[in-house]
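Understanding the architecture of this molecule
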Amino acid sequence: MRIGDAAAAAGTTPRALRFYEQRGLLTPPVRTAAGQREYGPAEVARVRAIRELLALGLTVEDVRSRAHRLDLLTEDPPRSCASTGDAGPETFAPVVEQRLAALDAEIARLTLLRESLARHAATGGGPVAP
């Protein structure tokens, strides 16, 4: 299927497919004699897996670092991305732990910022100095 059909089947846009290809998340597809990209069901499944991981809060770089394991998520039934059942360096576990730590740090920063703003508003404080 052509890029527009593949993008629609995966719930995204042709631009996103080209972006995933550029970032190394999606291998360059076979091209027709006219140079158009041709995608199959495996590529569509991979794009769906990528989109799901991104929707869970992982970054493109997080997913790219484990792109070689993405096909495990597209099998039916999906297999674990763990190499031998452990949380070794080749699995998504370290990436997820790092992302969770970053989210926790951002939540803590925003909580402090919110509390500071609430205190400022409660005391009727004037403009905040830069």
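Described in the following lines is the structure provided in the data block.

The rules behind these values
Residues numbered from 1 in each chain as written. Predicted model: local features only at pLDDT ≥ 70, side-chain atom pairs only at ≥ 80, totals over all residues. Heavy atoms only, no water. Salt bridge = Lys/Arg side-chain N within 4 Å of Asp/Glu carboxyl O. Helix = DSSP H or I, 4+ residues; strand = E, 2+ residues; numbered from the N terminus. Buried < 20%, exposed > 50% of the residue type's maximum accessible area, 1.4 Å probe, protein only. Polar contact = N/O pair within 3.5 Å; in protein donor to acceptor, adjacent residues only side chain to side chain. Contact = heavy atoms within 4.5 Å. Core = buried A, V, L, I, M, F, W, Y, C linked by side-chain atoms within 4.5 Å. Arc of directions from axis to C-beta.

For the structure on display, the rule yields 7 salt bridges. Across the pair Arg46 and Asp71 runs a salt bridge whose closest N-O atoms are separated by 2.9 Å. Here the residue Arg46 occupies a position in helix α3 (residues 41-55), and Asp71 occupies one in helix α5 (residues 70-73), the gap between them amounting to 25 residues. Of the charged contacts in the structure, one is a salt bridge between Arg109 and Glu106, with a shortest N-O distance of 2.7 Å. Residue Arg109 and its partner Glu106 are both found in helix α6 (residues 93-122); the two are separated by 3 residues, about one turn of the helix. Put simply, Arg23, Glu61 and Arg64 are held in one network by salt bridges that share partners.

We now examine the side chain of Thr12. Considering the arrangement of structural elements, one finds Thr12 in the loop between α1 (3-10) and α2 (14-22). Overall, the relative accessible area of 17% leaves Thr12 in the buried class. Polar side-chain contacts of Thr12 include one of 3.5 Å to the side chain of Arg51. Contact partners of Thr12, with chain neighbours within four places excluded, come to Ala7, Leu17, Val47 and Arg51.

A few words on the nonpolar core. Ranked by size, the top nonpolar core spans 21 residues in total, and within it Leu17, Tyr20, Val63 and Leu70 carry the most contacts. Filtering out sequence-adjacent residues up to four positions away, Val63 remains in contact with Leu25, Ile50, Leu53, Leu54, Leu58, Leu70 and Phe92.

When α2 is considered as a whole, its buried residues turn out to be Ala16, Leu17, Tyr20 and Glu21. Projected down its long axis, α2 carries its buried residues within an arc of 140 degrees, all on one side. Looking at α2, the residues exposed on the side facing more than 90 degrees away from the buried face are Arg15 and Gln22. Taken together, the buried residues of α2 touch α1, β1 (30-31), β2 (37-38) and α3. Just downstream of α2 lies Gly24, where phi reads positive at about 85 degrees.

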